[in-house]
Amino acid sequence: MRSDLIFGALAHVSNRYQLCQLASKATRKLHKPNTRLQDTTNDVLVRFHVSSPLAKASVSQGSAPVQQRRAA
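Now for a description of the structure that goes with this document.

**So, unusual backbone geometry**
Despite not being glycine, Asn34 has its phi angle at roughly 65°, a positive value. For Asn34, the location among the structural elements is in the loop between helix H2 (16-30) and helix H3 (37-50). Accessibility expressed as a relative area gives 86% for Asn34, which makes it exposed.

Here's what the structure looks like:
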């Protein structure tokens, strides 16, 4: 259930507002066409449960390549 994923992600992020902001940004970056947005959101929350999104956000800002989007 998604509530279990949210409570698991709150182990690394104590502020619920910040968790919502980080999850929405990550979902937009990781979402692939022809997949359900709900599945991408669940995947992001699982990743946040496994590792801290705050630690990786500061490190990967400058080194991540920019992905190009294609027009549909």
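**Some points on the environment of Ala11**
Looking at the secondary structure, you find Ala11 in the loop between helix H1 (2-9) and H2. Residues Ala11 and Ser51, 40 residues apart in the sequence, show an inter-C-alpha distance of 9.5 Å.

**Section: the side chain of Thr27**
Considering the arrangement of structural elements, one finds Thr27 in helix H2. Given the relative accessible area of 10%, Thr27 is considered buried. Sequence-distant contacts of Thr27, defined by excluding residues within four places in its chain, comprise Leu37, Thr40, Thr41 and Val44.

**Describing the packing of H2 against H3**
Orientation of H2 relative to H3, taken along the N-to-C sense of each, is 120°, at an axis distance of 9 Å. Overall, the two elements H2 and H3 adopt an arrangement that is oblique. Crossing of H2 over H3 shows right-handed handedness. Touching Leu19, Leu22, Ala23, Ala26, Thr27 and Leu30 of H2 are Leu37, Thr40, Thr41, Val44, Leu45, Arg47 and Phe48, all from H3. In terms of residue class, the contact of H2 with H3 is built from nine nonpolar, three polar and one charged.

Cut-off values and rules
Residues numbered from 1 in each chain as written. Predicted model: local features only at pLDDT ≥ 70, side-chain atom pairs only at ≥ 80, totals over all residues. Heavy atoms only, no water. Helix = DSSP H or I, 4+ residues; strand = E, 2+ residues; numbered from the N terminus. Buried < 20%, exposed > 50% of the residue type's maximum accessible area, 1.4 Å probe, protein only. Contact = heavy atoms within 4.5 Å. Axes fitted to C-alpha atoms, helices over the stretch in contact; angles between N-to-C directions. Parallel < 35°, antiparallel > 145°, perpendicular 65-115°, else oblique. Left-handed = near helix turned anticlockwise from the far one by under 90°. Nonpolar A, V, L, I, M, F, W, Y, C, P; charged D, E, K, R; others polar.

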